[in-house]
Amino acid sequence: MPSGPDAALESLLDAVASAVGDVPALLALAREAGRAWPQPGRGSTAELWELLASVTAVDVAAGRIFEPHFDALAILAQSGRDPGSIEGTWGVFAAEGPGAKLEAKAGDGGILLSGSKPWCSLAPLLDHAVVTAHTETGGRAAFAVDLHHPGVTCEEPAWIARGLREIPSGTVHFNQVPAGQLGGDGWYFDRPGFAWGGMGVAACWLGGAVAVARDFADGLRGASDRGREADQIALAGLGETDRILSSSLQYLTRTAVLIDDGGLGDGAQPAAVGRYGDADHPGTDHPGTDRSAWSEALRVRGTVAAAVERVLSLVSRNRGPGPLAFDEQYAKRMADLALYVRQHHAQRDDAQLGALTLKGERLW
């Protein structure tokens, strides 16, 4: 029997598999796991990313639940909060959208938040959130808020998506809600942990793609057991899938080591970009460095997103319509992952990376 971290991960994955579709149960598992699993940049980043990828391989929606809770814990710790004092379930709400603006202003009792925040996944079921808001100095900062405060109102989202159906994302309204500021203006975006968190999301995407690839391989083995051997086209598709996933997994592992060794400890993204928000602004200059945390995050996220898109295409073309129509787990995974990976900003992120490349952030 495995022991230590392997046993803990195996036990967690069994629990996640039993709780698929039960969001409160998955949130409870994320809360418990967050008390014991490592945070990025502290020597075990690869282990953290393996956890996130493995949970997402069990169920993409479960990974979508775990990742923001773990990210919030990391943000709080990076701001100086004692991890042992953090209770409840957390989200991270940093999106910006047309017609929605959240403002932070000093009041008699401290900082108060008023306004609206879009794309707040699972807000009615969470206890707390790290939220970004516009400050009186014209910048943006991060704040910890209690989502049970009477000034918090969660809209019922018009969530028609076929993927991630159990994780609707709606708008949350804040009316004079007390908040604790985390760092100063711009700290949320300037810290290297912002880039590390973005790469943690990529680990989730990759975990979902690994599960899709396993579905593909299992399907070919099952057909072989029934006397139908895979043809050259199917084998070529599986071989390309293996190449793509192996290289992406190795890239993530090397990047995790680089983070823990201190090689990606500076240079986060420009302050105007939100977690799901706009990405149409220039890169920052990092004189004397080959790459910053943010430029590497752009590479990792872009590379993994392209890998996921290709695996989804290869597997769906090779498996055909049958499993999509009659295999519930496979159909759910495909729909969930296709929506989840759309968090990547595609060419806009490549444009940012191109600007950084011109400034000298490259290894070639």
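Residues numbered from 1 in each chain as written. Predicted model: local features only at pLDDT ≥ 70, side-chain atom pairs only at ≥ 80, totals over all residues. Heavy atoms only, no water.

A.B. asks: For this particular structure, what's the right way to read the overall build of the protein chain?
C.D. replies: Within the protein chain one finds 11 helices and 7 strands. Relative to the globule expectation of 21 Å for 364 residues, the C-alpha radius of gyration of the protein chain, 21 Å, shows essentially globular dimensions. When burial is assessed residue by residue, the protein chain has 52% of its 364 residues classed as buried. The long-range share in the protein chain, meaning contacts at least 24 apart out of those at least 6 apart in sequence, stands at 76%. Accessible surface, the protein chain as shown: approximately 16,200 Å² in total, 52% of it carbon and sulfur. Computing the positive centroid from 31 side-chain charges and the negative centroid from 45, the protein chain places the two 5 Å apart. (Helix = DSSP H or I, 4+ residues; strand = E, 2+ residues; numbered from the N terminus. Rg over C-alpha atoms; globule rule 2.2 N^0.38 Å. Buried < 20%, exposed > 50% of the residue type's maximum accessible area, 1.4 Å probe, protein only. Contact = heavy atoms within 4.5 Å. Areas by Shrake-Rupley, 256 points an atom, 1.4 Å probe, with all protein chains shown as cover. Lys, Arg positive; Asp, Glu negative; His and termini not counted. Charge placed at Lys NZ, Arg CZ, Asp CG, Glu CD.)

A.B. asks: Quick question: what am I supposed to make of the packing of aromatic side chains here?
C.D. replies: The geometry of an aromatic ring pair comes down to the distance between the two centres and the angle between the two planes. Scanning all chains against the criterion turns up 5 aromatic pairs. Judged by centre distance (6.0 Å) and plane angle (35°), the rings of Phe66 and Phe70 are tilted. Of this pair, Phe66 and Phe70 are both found in helix 4 (residues 60–78), 4 residues apart, which corresponds to roughly one turn of the helix. Of the two residues, Phe66 and Phe70, both sit in the buried class. Centroid distance Tyr188 to Phe189: 4.9 Å. Interplanar angle 90°. Geometry classified as edge-to-face. Pair check on accessibility: Tyr188 and Phe189 agree, each one buried. (Phe/Tyr/Trp six-rings, centres within 6.5 Å; stacked < 30°, edge-to-face > 60°.)

A.B. asks: What's the story with a negative patch on the surface in this structure? I'm lost.
C.D. replies: Side chains of Asp6, Glu10, Asp14 and Glu50 sit close together on the surface and give a patch of like negative charge. It is helix 1 (residues 5–19) that provides the largest number of residues to the negative patch, a total of 3 residues. Within the element layout of this structure, Asp6 appears in helix 1. (Patch = residues over 30% accessible without salt bridge, like charges linked within 9 Å, V, L, I, M, F, W, Y side chains within 5 Å. Salt bridge = Lys/Arg side-chain N within 4 Å of Asp/Glu carboxyl O.)

A.B. asks: Teacher, can you tell me more about the nonpolar core here?
C.D. replies: In summary, soluble globular proteins display a tendency toward joint burial of nonpolar side chains. One finds Trp49, Phe66, Leu113, Val130, Phe174, Tyr188 and Trp205 to be the most contacted residues of the largest nonpolar core, which totals 103 residues. Counting residues per element, this core draws most heavily on helix 6 (residues 192–225), which supplies 16 residues. Here Val130 is in contact with Ala72, Ile75, Leu76, Trp90, Gly91, Val92, Phe93, Ala142, Phe143, Leu182 and Tyr188, once residues within four sequence places are set aside. (Core = buried A, V, L, I, M, F, W, Y, C linked by side-chain atoms within 4.5 Å.)

A.B. asks: Would you explain the packing of helix 8 (residues 293–319) against helix 11 (residues 347–358) in this entry?
C.D. replies: In a pair of packed helices, the angle between the axes and the distance between the axes together describe the arrangement. Running from amino to carboxyl end, helix 8 crosses helix 11 at an angle of 140°, the nearest separation of the two axes being 10 Å. The angle between the axes of helix 8 and helix 11 places the two elements in the oblique class. As helix 8 packs across helix 11, the resulting crossing turns out to be left-handed. Touching Trp294, Ser295, Leu298, Arg299 and Arg301 of helix 8 are Asp349, Gln352, Leu353 and Leu356, all from helix 11. Of the residues assigned to the contact of helix 8 with helix 11, the class counts are 4 nonpolar, 2 polar and 3 charged. (Axes fitted to C-alpha atoms, helices over the stretch in contact; angles between N-to-C directions. Parallel < 35°, antiparallel > 145°, perpendicular 65-115°, else oblique. Left-handed = near helix turned anticlockwise from the far one by under 90°. Nonpolar A, V, L, I, M, F, W, Y, C, P; charged D, E, K, R; others polar.)

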